[in-house]
Each structure stands twice: as structure tokens, then as C-alpha cells.
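One-letter residues, chain by chain:
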Amino acid sequence: LAQSLFALFASSLAISLVFAIIPLCHNVVVLAVVMAVAGLAMGCIDTISNMQLVKIYQKDSAIFLQALHFFVGFGALLSPLIADPFLSDTNCILSNSTANASSNLPHIRKSLVPHHPGNLSHYDLPMKGMVVTRVSYAFWIMALINQPVNTFIFLLKVYRWVKKEVVPAEVSSAPRCPTSSMNLCLAAERKTNPHCGLASTQPRGDVPAKFALHCFSPGHDDLFSCCQSKNFRGASYTYFAVHITGALVLFMTDGIVGEYSGFVYSYAVEEPLSVVHKVAGSLPSLFWGSITLGRLISIPVSHRMKPATMVFINVVGILITFLLLLIFSYSVVFLFVGTASLGLFLSSTFPSMLAYTEDILQYKGCATTVLVTGAGVGEMVLQLLVGSIIHDQGSYSFLVCGMIFGGLAFTFYAFLLFFHRMYPKPSAATDDASPDKAAVTGDTGQYQR
């Protein structure tokens, strides 16, 4: 946890610095490097926050994961509103062609939606002249808004350090051996667990120091334990199959989030719908608003419903929504209804899948890293794929691609259910070195096998 808090603090601080530096970047290469740093920091925050919630709350983690991802969607919905007052209604660069290009600005403004811009390639804007934009203030405001987060993480790390120094939790809850037989006790324990040692309390007045035997689990005490090959010895094939199929489900569902929010505007303004730009610009906002609302609703629902059931409802709902969007592809009204419905079904897929997969794998947290990576790769790859297909085949292929991705998500989820049934149940006879062994936590919060 100490390493995770340090990584969260460093990543959050890096994001603040990136937002402060972006307006000062006058070279596209420098801007690309700065944005890459921001992406790495956001990826660290995404992975670590999900992993720690799973390891800390275990069977109750579904509720906390839903709350976490509600704030992700809430931030995606609010950030454009913070930037909106600083976006210009005229050209950001004044030149002789200002009058001719100014009519394009409302369309461009409406297409700058959360996360993904619309198709701007057919707009001509001046590249030379006097810069009159105030958008830099939006970046600096976001950098300042992030400072309380940095402060809170730092204070939490200090609190953990003080608590550990004053009252060592490992000592207070560790099994005690008589002082006279401490060496014999240690030798006996090390035969079964070589990672045992002696810990002692500080003497206070006439109270002598007490010795305790403290054993810890190798491979689960640092941030990079999931990468150690020794943790995979003795694992069954279903152990890897659960990781892979879970990651593939999120590859598809998060890819749908990216491609739909990125291209629904372009799809709406093209034939046969030909929605006016101002109305089409509200579709991505409706989509992200539905995702945020769905995650808020999922917080109490996840307390009553199992994660596996929620994921099943989500993938089936995604598939049915795309099918209806294809059937009523000429209806503008149903495009809005379908967009809201799709956002609701996609909203809780990510946190529910994390909770379900970690429930199968006994809440070690390692699966979270695989699943978050799969979701991020899907969001990147499927956008590139759909963008190239729309360019070659036309806007109708946008819904066809969504239908295919939804069908693949359902298929991979069916495989996940199959491997869950095949996955061996944890028992006392399970080898301690096997990942199939259930993780047990004591009062210290330190995970042991």
C-alpha cells in the first residue's frame, strides 16, 4: 500500500504539471511527449486504484469499484463544462481569412466532446496570424483543481507512516511465542515458510519488549508482485483462461465506449440521418451522461446483485441495443434513445467485470492489471479500426462494427462462465505456491497464503 500511495502521488503530481505545461508547448513533438507522460500517469492511477480497492475490500469491492468509476464518468462529463467558457466563438488565430472561416467555429465547437473529437478534417482554419485564444486558462484551472488530490494522497501516506511507526500492526496481531523458545519456534516455522522473522515491540517503562513471530507471503508484498514468474508455478490452465477471457470482454466493451463516443457525431451528421450539427453535438454528451447515471445507479444495485449477473445483463443489453439501432437506423429519435440505452448498459461493465474476475481468483489484485490493460488497448485499437472502416465503407458500418463487437463481448463472456465452472475450488490441500490458493487476510491487512 505504501508503494501504491507513492505511485498515486507521483502520477497525480505529474498530471498537474502536464496540464500546466501544455499551454506553453509551441512544438508538436514536445506536446506529444508531454501527452505521453500524462497517459502513463493516468494509466498508473487507473490500475493502482482498481487493484487496491479489490485487495482492501475483497467481496465488498464491487460497491467501491462502482463508486470509483462513477467519478470517472462524472469527471469526463464535467471537464468540458470547465473548458467551455474559455473556448472562443471566433477564430483562435486572426488572419485575412477570418471572415470566411468563422462560420465553421460553431460546428467545431460542438464536435469537441469528452475524450474524442469529431471529424474535423474538412474544415479550413488559418494557421498563421495573431493568437487570441484564452483556452490556456482552462488547462491551468484543471492543474489547480488537481492540487487538493495531491495534498490528500500525501497526507494519507504520512498518516500511514506515522501509524506504522507508533503502533506496528504486524507486531500487535502476529502470533506470539514464549521468549525462551523463540529460536525453536522460528526454526519450526521456517521449515514450512522461509519468509518468517522476529518482530518486537518497544519497551515502555517496566514493560519488557515482547517478541512475535511474523510471517509474510512472498510475491504479494510489493507493487510488481504480479510480474513474478514464481507466482504462476502450479497454476491450472483455467487460471490463465479466466484472465484472458475477462480481458477480452473489457477489450470489446471499452472499445465500444471509445468508438461510439468518438464517431457517433460523424455518423449522425452524415446521410441518411443528416442531423444538424448543433443537435448531433449533444449525442456524445448524452452518451457520457448516461454512463455517469448508470454508474451512480449501479452503486446500490451492486449491493444486491452479483457481479456476474450484472455483466450478463450489460453484454446482452449492449447486443440488443445495437440490433435495434440497426433496425431503426433511419430514426433520429431512436438514435438518441439508443445512445442513452447503450450508455446505461456500458456503464457498469468495467467495475462489475473486475469484481467478478477477482472473485473467481480470490482477490489477489493481479487480474486487475491484466483487465485494465486489456480495456485500454481495446479503447485505442477499436477506434483506429472503426475510423478506417468508416472512411472506406461509409457511416452505416459504424453500427455494424458495434454489433460485431457486442457479439464478441457476449461470446467471450460465455467462455468466461465456462472457465469459471472449470476453475478449481480453493482447498486446504492447495499448494501454497499456486495462484489457485485462496488469499487470506488478517487484521493487519497483510495478505498471506
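Residues numbered from 1 in each chain as written. Predicted model: local features only at pLDDT ≥ 70, side-chain atom pairs only at ≥ 80, totals over all residues. Heavy atoms only, no water.

(A) Seen up close, the UniProt feature "transmembrane region" (unreviewed entry) in the protein. In this structure's numbering, the residues bearing the UniProt feature "transmembrane region" (unreviewed entry) are residues 30–49, 61–82, 137–156, 237–257, 309–328, 334–356, 368–390 and 396–419. Segment residues 137–156 splits into 95% helix and 0% strand. End C-alpha atoms: 30 Å apart. With 96% helix and 0% strand, residues 334–356 has end C-alpha atoms that lie 32 Å from one another. (UniProt positions renumbered as here; feature names shortened; annotations may be inferred. Helix = DSSP H or I, 4+ residues; strand = E, 2+ residues; numbered from the N terminus.)

(B) A look at the pattern of salt bridges. Tallying each qualifying case throughout the model produces one salt bridge. Two residues, K59 and D359, come together in a salt bridge whose shortest N-O distance is 3.3 Å. Here K59, found in the loop between α2 (28–57) and α3 (61–83), pairs with D359, found in helix α15 (residues 349–360); they are 300 residues apart in sequence, far enough to count as distant. Relative accessible area serves as the criterion here: at 65%, K59 is assigned to the exposed category. (Salt bridge = Lys/Arg side-chain N within 4 Å of Asp/Glu carboxyl O. Buried < 20%, exposed > 50% of the residue type's maximum accessible area, 1.4 Å probe, protein only.)

(C) Looking closely at the nonpolar core. Ranked by internal contacts, the top residues of the largest apolar core, which has 62 residues, are Y260, M353 and Y413. No other element matches helix α10 (residues 237–269), which puts 14 residues into this core. No fewer than three residues from each of domain 1 (1–88 + 134–164) and domain 2 (236–425) sit in this core. Beyond its immediate chain neighbours, meaning those up to four positions away, Y260 contacts F287, F322, L325, L335, T339, L342 and F398. (Core = buried A, V, L, I, M, F, W, Y, C linked by side-chain atoms within 4.5 Å. Domains from an automatic or database assignment. Contact = heavy atoms within 4.5 Å.)

(D) Region of interest: the packing of α3 against α15. Following both chains from N to C, one finds α3 and α15 inclined at 155 degrees, their axes separated by 9 Å at the closest point. In terms of axis orientation, α3 runs roughly antiparallel to α15. The hand of the α3/α15 crossing is right-handed. Contacts from A62, L65, Q66 and H69 in α3 reach F350, P351, S352, L354 and A355 in α15. Of the residues contributing to the contact of α3 with α15, the split by class is six nonpolar, three polar and no charged. (Axes fitted to C-alpha atoms, helices over the stretch in contact; angles between N-to-C directions. Parallel < 35°, antiparallel > 145°, perpendicular 65-115°, else oblique. Left-handed = near helix turned anticlockwise from the far one by under 90°. Nonpolar A, V, L, I, M, F, W, Y, C, P; charged D, E, K, R; others polar.)

(E) Local environment of helix α12 (residues 282–304). Taking 1.5 Å of rise per residue, the 23 residues of α12 would be expected to cover 33 Å, and the 33 Å separating its terminal C-alpha atoms lies within 8% of that figure. By the largest-angle criterion, S298 marks the main kink of α12, which is about 40 degrees, and a proline, P300, follows within four residues. Within α12, the full set of buried residues consists of L283, P284, F287, W288, S290, I291, T292, G294, R295, S298 and S302. (Expected span 1.5 Å × (residues − 1). Bend = angle between axes of the 7 residues up to and from the residue.)

(F) Structural detail: the confidence of the model for the protein. Here the protein averages 76 in pLDDT, while 68% of its residues score no lower than 70. Ranking the elements of the protein by mean pLDDT puts strand β6 (residues 447–448) last with 36 and helix α13 (residues 307–327) first with 94. Low pLDDT (under 50) marks residues 190–195, which in the prediction has eight contacts with non-local residues, meaning those over four places away or in another chain. Predicted confidence for residues 428–434 stays below pLDDT 50, and this span has 14 contacts to residues more than four positions away or in other chains. (pLDDT = per-residue confidence, 0-100.)

(G) Representation of the packing of aromatic side chains. A full pass over the atoms with the stated rule returns 16 aromatic pairs. Centre to centre, the rings of F312 and F410 are 6.5 Å apart; their planes meet at 50 degrees, and the pair counts as tilted. Of this pair, F312 sits in helix α13 while F410 sits in helix α17 (residues 397–422), and the two are 98 residues apart along the sequence. Since its relative accessible area comes to 40%, F312 is described here as partly exposed. Residue class for F410 comes out partly exposed when judged on its relative accessible area of 31%. (Phe/Tyr/Trp six-rings, centres within 6.5 Å; stacked < 30°, edge-to-face > 60°.)

(H) Expanded view of the packing of α10 against α15. Look at α10 against α15: their axes get within 10 Å of each other, and the N-to-C directions meet at 180 degrees. As far as their axial angle goes, α15 and α10 are roughly antiparallel. When α10 is examined against α15, the residues V242, G246, V249, L250, T253 and D254 are found in contact with a partner set consisting of T349, F350, M353, L354, T357 and I360. Residue composition of the contact of α10 with α15, by class: seven nonpolar, four polar and one charged.

(I) Fine view of unusual backbone geometry. Of note, the bond from E271 into P272 is cis; its omega dihedral lies within 30 degrees of zero at 10 degrees. By the secondary structure assignment, P272 is in the loop between α10 and α11 (277–280). At Q58, a position not held by glycine, the phi torsion is positive, near 50 degrees. Assignment of secondary structure puts Q58 in the loop between α2 and α3. For Q58, a relative accessible area of 15% puts it in the buried group. We note that S274 has phi near 50 degrees; this positive angle belongs to a residue other than glycine. Structurally, S274 can be placed in the loop between α10 and α11.

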